[in-house]
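Below are the chains, spelled out letter by letter.
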Amino acid sequence: PAFVGRLGLTDGQVWVGTPLSATGQTVSWFVEDALVLPVGLERIVSAELYGPLDEETRESWRAVGDLVELRNGDVFDGFVDSIDEQVRVEAGDEVISMPLDRVAGVLLANPTEAPEGMVVRTTGGSVITVDDVRFSLTGEMTAVLDHQGDTSEITLPGQRVRSVLFAPNAVASLAKIEPEE
């Protein structure tokens, strides 16, 4: 099967799809083969662009600086300055540029936050924050997103919708509950 990219955002969203373009501080992502959304680098935590990030690299990353992993397995750390046809990484006094198509993925040390609004989870693995959800009599789900001031809609067949969480902040992961002593 062909590789499908994953974009992890600071608010817990995960967009499964493919990168369409990058212009310095913004990446445009084709989400679930249904919607193109732009996102600024400051909102990205991880991006698997042209290959999966090595699990060992992901686990050893300390989120102190940014990390770029090439498709051949080489890893660079520093500060990702911009992404377009080249990925530019500032590493100390040096700036390293590498062609975007050679990059498997990046990990960016951006602070995370809780999601706001409703959350739609798809069977493809996407986790998308939306402002409104409608279901049709034919079983399709249409979600409305107000993304960076632009209103967009994504329509998916009902069988591609795993769940809709209407109040994500009211639900806590069992793994985050500390046992009493």
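To be clear, the structure that these remarks concern was listed above.
Procedures and definitions
Residues numbered from 1 in each chain as written. Predicted model: local features only at pLDDT ≥ 70, side-chain atom pairs only at ≥ 80, totals over all residues. Heavy atoms only, no water. Core = buried A, V, L, I, M, F, W, Y, C linked by side-chain atoms within 4.5 Å. Buried < 20%, exposed > 50% of the residue type's maximum accessible area, 1.4 Å probe, protein only. Pairing = 2+ DSSP bridges. Helix = DSSP H or I, 4+ residues; strand = E, 2+ residues; numbered from the N terminus.

*Asks:* Explain the nonpolar core to me, and be specific about the residues and the numbers.
*Replies:* Counting residues in each nonpolar core, the largest one holds 37 residues, and the members touching the most others are Trp 15, Ile 44, Val 68 and Val 87. Judged by nonpolar contacts, the second largest core, of 5 residues, contains Val 45, Leu 53, Trp 61 and Leu 107.

*Asks:* Tell me about the pairing of strand E8 (residues 86-91), and name the residues and values.
*Replies:* Here 4 bridges tie strand E7 (residues 75-83) to E8, and the two strands are oriented antiparallel to one another. Counted as the bridge partner of Ser 82 is Arg 88 from E8. Remark: 2 residues form the turn of the hairpin made by E7 and E8, two consecutive strands paired antiparallel. With 6 bridges joining them, E8 and strand E9 (residues 94-99) adopt antiparallel strand pairing. Considered in E9, the bridge of Glu 90 is made with Val 95. Between the end of E8 and the start of E9, which pair antiparallel, lie 2 residues, with Gly 92 showing a positive phi angle near 65°.

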